[in-house]
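If you want the building blocks of each chain, they are given just below.
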Amino acid sequence: EVQLVESGGGLVKPGGSLRVSCAASGFTFSTYTMNWVRQAPGKGLEWVSSISGSSRYIYYADSVKGRFTISRDNAKNSLYLQMNSLRPEDTAVYYCARDPTGGTTGYFDPWGQGSLVTVSS
Amino acid sequence: QSALTQPASVSGSPGQSITISCIGGSSDVGSYNLVSWYQQYPGKAPKLMIYEDTKRPSGTSNRFSGSKSGNTASLTISGLQAEDEADYYCCSYAGSRTFVVFGGGTKLTVL
């Protein structure tokens, strides 16, 4: 069974840093593009970042560019999102999601259960 | 403001059909056959329902169908059931610069 499990969320002060992680299982992790998508409380979905299987291709939304860094460790079947200079508007549930095609098509299946990041003083 | 425009809410009675529209532009919906649709229940992760404009993942009911014309994609749910009450989001690939854009979401109420 393909499974994605996020961890590392929590409460952080504005300007602070946090790293969320996603543990993958049930598929050959290194061959799939992985993504982070977030959802602010009561709001819609917002794509955050994507990384290809080899880490050669990396994309960021303008709203996080220069502050967030996506990475992966294929030996550990893990995806990461390092978030620096956090702002209150970054408060959201952060979902890890796989591109199911083996390429980069911009759709997501499956999704993890999400990890809540709260930025507040 | 979301890049793709969806109605905030739609409603229908059991057994009826409803359609949710998703209006994009020539740089996203209109340029690629890569519109996807997601169903989300409160407090749960989204679930892929339609991909590549019209395709259904295995396990998705054939009551769900996708279509597209120009810059507008649509999700139709036929034979509406109480369990279909959820939020629905459209999404489109938008090229290597913008990458992905979502709609603002549509709340479906089954009356």
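Structure: see above.
Here the structure is a predicted model, which means the values were calculated and not measured. (Residues numbered from 1 in each chain as written. Chains lettered and ligands numbered in written order. Predicted model: local features only at pLDDT ≥ 70, side-chain atom pairs only at ≥ 80, totals over all residues. Heavy atoms only, no water.)

Draft legend 1. Quick peek at the sheet that holds strand β7 (residues 68-73) of chain A. Residues and elements named next belong to chain A. With antiparallel pairing, the four strands of this open sheet are ordered in space as β1-β3-β8-β7. What marks the edges here is a single partner per strand, and that holds for β1 (3-7) and β7. Here the average twist between neighbouring strands, direction ignored, is 15 degrees. For β7 and strand β8 (residues 78-83), the ladder comprises six bridges, and the chain directions are antiparallel. When the sheet's bridge partners are listed, D73 is paired in β8 with S78. (Pairing = 2+ DSSP bridges. Helix = DSSP H or I, 4+ residues; strand = E, 2+ residues; numbered from the N terminus. Axes fitted to C-alpha atoms, helices over the stretch in contact; angles between N-to-C directions.)

Draft legend 2. Layout of the packing of aromatic side chains. Taken as a whole and judged by the stated rule, the model has 14 aromatic pairs over all chains. Aromatic pair W111 of chain A and Y38 of chain B: ring centres 5.4 Å apart, planes at 75 degrees, arrangement edge-to-face. Here Y38 of chain B lies in strand β3 (residues 35-40) and W111 of chain A lies in the loop between β9 (92-98) and β10 (115-119), a pairing that spans two chains. Of the residues examined, W111 of chain A reaches a relative accessible area of 9% and is grouped as buried. Here Y38 of chain B falls in the buried class, since its relative accessible area comes to 0%. Aromatic pair Y32 of chain B and Y93 of chain B: ring centres 4.9 Å apart, planes at 80 degrees, arrangement edge-to-face. Remark: Y93 of chain B occurs in strand β7 (residues 86-93) and Y32 of chain B occurs in the loop between β2 (18-23) and β3; sequence separation between them is 61 residues. (Phe/Tyr/Trp six-rings, centres within 6.5 Å; stacked < 30°, edge-to-face > 60°. Buried < 20%, exposed > 50% of the residue type's maximum accessible area, 1.4 Å probe, protein only.)

Draft legend 3. Spotlight on the environment of V119 of chain A. All names here are of chain A. Along the chain, V119 falls in strand β10. In sequence terms V119 and E89 are 30 residues apart; their C-alpha atoms lie 7.6 Å from each other. Excluding its chain neighbours within four sequence positions, the residues that come into contact with V119 are V12, K13, P14, L86, R87, P88, D90 and T91. (Contact = heavy atoms within 4.5 Å.)

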